[in-house]
Amino acid sequence: MAKMQENWRDIIADRLRERNKNESARFADIIHYNNRLFDTAAKLRQENLDLKIDRKIRDSVNVSGAGGGGGTTFGTDVATITNAQIQSLEKKVLAQQEELTDLHKRKGEHSQMVITLNQKLTELQRLLAEKERALADQTALCASLKEELDEMKASHVTIKDESLASQLRANTAEDKLRAVQDENTKLLNLLMEYKSRDAEIMNKENDKFVKEKKARIESELERAIRDIPGPSSIGADLDRFDVDGLPEGVEFKFDAHDGEVNAVRWSPIERIVATGGADRKVKLWDVGKA
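Conventions used here
- Residues numbered from 1 in each chain as written.
- Predicted model: local features only at pLDDT ≥ 70, side-chain atom pairs only at ≥ 80, totals over all residues.
- Heavy atoms only, no water.
- Pairing = 2+ DSSP bridges.
- Helix = DSSP H or I, 4+ residues; strand = E, 2+ residues; numbered from the N terminus.
- Axes fitted to C-alpha atoms, helices over the stretch in contact; angles between N-to-C directions.
- Buried < 20%, exposed > 50% of the residue type's maximum accessible area, 1.4 Å probe, protein only.
- Polar contact = N/O pair within 3.5 Å; in protein donor to acceptor, adjacent residues only side chain to side chain.
- Contact = heavy atoms within 4.5 Å.
- Salt bridge = Lys/Arg side-chain N within 4 Å of Asp/Glu carboxyl O.
- pLDDT = per-residue confidence, 0-100.
- Patch = residues over 30% accessible without salt bridge, like charges linked within 9 Å, V, L, I, M, F, W, Y side chains within 5 Å.
- Areas by Shrake-Rupley, 256 points an atom, 1.4 Å probe, with all protein chains shown as cover.
- Lys, Arg positive; Asp, Glu negative; His and termini not counted.
- Charge placed at Lys NZ, Arg CZ, Asp CG, Glu CD.

As for the sheet that holds strand 3 (residues 282-286)
Pairing in this open sheet of three strands is antiparallel, and the strands run 1-2-3 from one edge to the other. Each edge of the open sheet carries a strand with a single partner, namely strand 1 (261-266) and strand 3. Going from strand to strand, the sheet's axes swing by 20° on average, the running direction of each strand aside. Across five bridges, strand 2 (residues 272-277) lies against strand 3 in antiparallel orientation. Paired with Ile 272 across the two strands is Asp 286, which belongs to strand 3.

Here's the deal with the side chain of His 257
Within the fold, His 257 resides in the loop between helix 3 (231-240) and strand 1. Accessibility expressed as a relative area gives 11% for His 257, which makes it buried. Of the polar contacts made by the side chain of His 257, one reaches the side chain of Thr 275; its length is 2.9 Å. Side-chain polar atoms of His 257 contact the side chain of Asp 279, separated by 3.2 Å. Not counting residues within four places of it along the chain, the set of residues in contact with His 257 comprises Thr 275, Gly 276, Gly 277, Asp 279, Lys 281 and Lys 283.

Description of the pattern of salt bridges
Counted under the stated rule, the structure contains five salt bridges. A salt bridge links Arg 106 to Asp 102, with the nearest nitrogen and oxygen atoms 3.4 Å apart. Taken together, the residues span about one helical turn, with Arg 106 and Asp 102 both in helix 2 (residues 72-227) at a distance of four residues. Under the relative-accessibility criterion, Arg 106 is labelled partly exposed at 36%. Here Arg 126 and Glu 123 are joined by a salt bridge, their closest N and O atoms 2.2 Å apart. Of this pair, Arg 126 and Glu 123 are both found in helix 2, three residues apart, which corresponds to roughly one turn of the helix. Residue class for Glu 123 comes out partly exposed when judged on its relative accessible area of 37%. Salt bridges sharing partners connect three or more residues here, namely Glu 123, Arg 126 and Glu 130.

Comments concerning unusual backbone geometry
For Arg 280, which is not a glycine, the phi torsion comes out positive at approximately 65°. Among the residues examined, Arg 280 registers a relative accessible area of 51% and is labelled exposed.

Remarks on the confidence of the model for the protein
Summary statistics for the protein give a mean pLDDT of 77 and a share of 77% for residues scoring 70 or more. Predicted confidence for residues 68-79 stays below pLDDT 50, and this span has five contacts to residues more than four positions away or in other chains.

Some details on a nonpolar patch on the surface
Judged by side-chain polarity, Leu 49, Ile 53 and Ile 57 come together as a nonpolar surface patch covering roughly 260 Å² of accessible area. Note that Ile 57 resides in helix 1 (residues 2-67).

Brief notes about the side chain of His 110
Structurally, His 110 can be placed in helix 2. Once residues within four sequence positions are removed from consideration, His 110 is found in contact with Ile 30, Tyr 33 and Asn 34.

Considering the pairing of strand 1
Sheet topology note: the strand 1/strand 2 ladder contains five bridges and is antiparallel. Opposite Val 261, over in strand 2, you have Gly 277 as the bridge partner. Here strand 1 folds back onto strand 2 in antiparallel fashion, the turn holding five residues.

A short note on a negative patch on the surface
A cluster of acidic side chains, namely Glu 147, Glu 148, Asp 150 and Glu 151, defines a negative patch on the protein surface. Position of Asp 150 among the secondary structure elements: in helix 2.

Structure follows, in structure tokens:
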């Protein structure tokens, strides 16, 4: 940051020196021209003074010539020559005065130009000061933005590290989840295998139970057939029953089991009926509440 400030300060200083050099060179020409004007004016004043002295000398010579008797012709010639020279010198003085007036006019124009250039220089210096202030503000803003950028870079690095750490944790969690899923799959397969075995065992037991039950029923039927009395005894037994008290239709109907009902037993103590069905369930029914 300090190096950057030194660089732009050096650049501004170089520009100021270059501009000062250019402006000084322009003013140096004007000053040199004004000095020449002053030198010319001084020279013209000196020549004018010399001419005035020569004129006074010639006037005094003319006066002295006019006073003497023998030198009239010589005095007239000298006066004639002197008057011609004086007229020439007067013309020269007038020309130089006109030139001096023109030089003064140019001097005024150059002075006005110098004033205008000074005003422009002041305005440029003011603009330069404003630019320098704006540059200083922009430099401060750039420094602030650079600090914010550095902070954002640091935050970005931190967030990136946290993201990598989170990604690693997520990968680890996915590996653990995959391992748990594999273990669950193994356990489920093992459970299905155990259930299949239990089902086979239960099927075997059911088959055995059905066979035993069938054999028992056949045995009971055979005993019942052997114990059946003759027709005369059956009629006598029927006479002992009150046929009118028997129900003529279905008194109660229960949806007890899924499938066939294989067994029905009355309780010897209470009015409760026990039923067993093909769904391998035993249910108790309170007939007294029905």
